[in-house]
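Structural description and commentary
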Amino acid sequence: MKLLIRQRIFTLTDNFNVYDENGDVRYEVKAEFFSLGHKLHVYDKASGREIGAIHEKLFTLLPTFEIVVNGQIVGTIRRKFTFFRENYEVDYR
């Protein structure tokens, strides 16, 4: 299954939807407004329940994020060092 995230250029919050191949909203992502580092919560659009979260680790040289499901860390996202475009490495267990 392919998923699509439409990036907004001008926004005050990090709230957005994730769409499937048919253009239907599958997931809703909401950010915590007052937190140290980015904290995103992912919700299933059909049931409305939280299915996971992404937390930024602080005090790292390059941005690193932890993927959390049911309170357990199940993966990491690390930004690779590049000059001209952003490149990330995803390690999902």
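All values derive from a computational prediction rather than experimental measurement. Residue numbers run consecutively from 1 along every chain, following the written order of its sequence. Under the rules for a predicted model, residues below a pLDDT of 70 receive no local features and side-chain atom pairs below 80 are neither given nor counted, while totals for whole chains, interfaces and linings still include all residues. Hydrogens and waters are ignored; side-chain quantities use all the structure's heavy atoms.

**Examining the overall build of the protein chain**
Definition in use: Helix and strand assignments follow DSSP, with helices taken as H or I runs no shorter than four residues and strands as E runs no shorter than two, numbered in order from the N terminus. The classification of residues rests on relative accessible area computed with a 1.4 Å probe and restricted to protein chains. Under 20% of the type maximum is buried, over 50% is exposed, and intermediate values are partly exposed. It only takes one pair of heavy atoms within 4.5 Å for two residues to be counted as in contact. Using a 1.4 Å probe, the Shrake-Rupley method yields the accessible areas, and only the shown protein chains count as cover for residues. As used throughout, the charge tally considers Lys and Arg to be positive and Asp and Glu to be negative, leaving His and the chain termini uncounted. Charged side chains are reduced to one point each, which is NZ for Lys, CZ for Arg, CG for Asp and CD for Glu.
A tally of helices and strands in the protein chain yields 0 helices and 8 strands. Along the protein chain, helices and strands appear, N-terminal first, in the series β-β-β-β-β-β-β-β. Viewed in the frame of its principal axes, the protein chain has a C-alpha envelope of about 35 × 30 × 30 Å. Within the span of the protein chain, comprising 93 residues, buried residues form 20% of the whole. Nonlocal contacts in the protein chain, meaning residues at least 24 apart in sequence, comprise 5% of its contacts between residues at least 6 apart. Per element, the accessible surface of the protein chain, about 7600 Å² overall, is 54% carbon and sulfur. Taken together, the 14 basic and 13 acidic charged side chains of the protein chain have centroids lying 3 Å from each other.

**A look at the pattern of salt bridges**
Using the following cut-off: Think of a salt bridge as a Lys or Arg side-chain nitrogen and an Asp or Glu carboxyl oxygen that are within 4 Å of each other.
Inspection of the entire model under this criterion finds 2 salt bridges. Across the pair K45 and E28 runs a salt bridge whose closest N-O atoms are separated by 3.7 Å. Residue K45 is found in the loop between β4 (39-44) and β5 (50-57), and its partner E28 is found in strand β3 (residues 25-31); the two are separated by 17 residues along the sequence. Looking at K45, the relative accessible area reads 42%, which means it is partly exposed. In this structure, E89 and R78 form a salt bridge, with 3.9 Å as the shortest nitrogen-oxygen distance. Within this pair, whereas E89 is found in strand β8 (residues 88-92), its partner R78 is found in strand β7 (residues 72-79), the two being separated by 11 residues in sequence. Residue E89 is classed as partly exposed on the basis of its relative accessible area, which comes to 36%. Given a relative accessible area of 36%, R78 falls into the partly exposed group.

**Section: the sheet that holds β5**
For clarity, the threshold we go by: Paired strands, as defined in this entry, are two strands with at least two bridges between them according to DSSP.
Spatial ordering of the open sheet is given by β1-β2-β3-β4-β5-β6-β7-β8, a layout of 8 strands whose pairing is antiparallel. The outermost strands of the open sheet, each flanked by one partner alone, are β1 (4-5) and β8. In the sheet, strand β6 (residues 64-69) pairs with β7 via 6 bridges, with the strands oriented antiparallel. In the strand pairing of β7, T64 is matched with R78.

**Here's the deal with the pairing of β3**
Relative to β3, strand β2 (residues 16-19) runs antiparallel, the two sharing 4 bridges. Bridge pairing in β3 links V18 to Y27. If you look at the hairpin formed by β2 and β3, you'll find 5 residues sitting between the two strands, and G23 has a positive phi there, around 90°. In this sheet, β4 lies alongside β3 in antiparallel orientation, the contact comprising 5 bridges. Note on β4: the bridge partner recorded for Y27 is D44.

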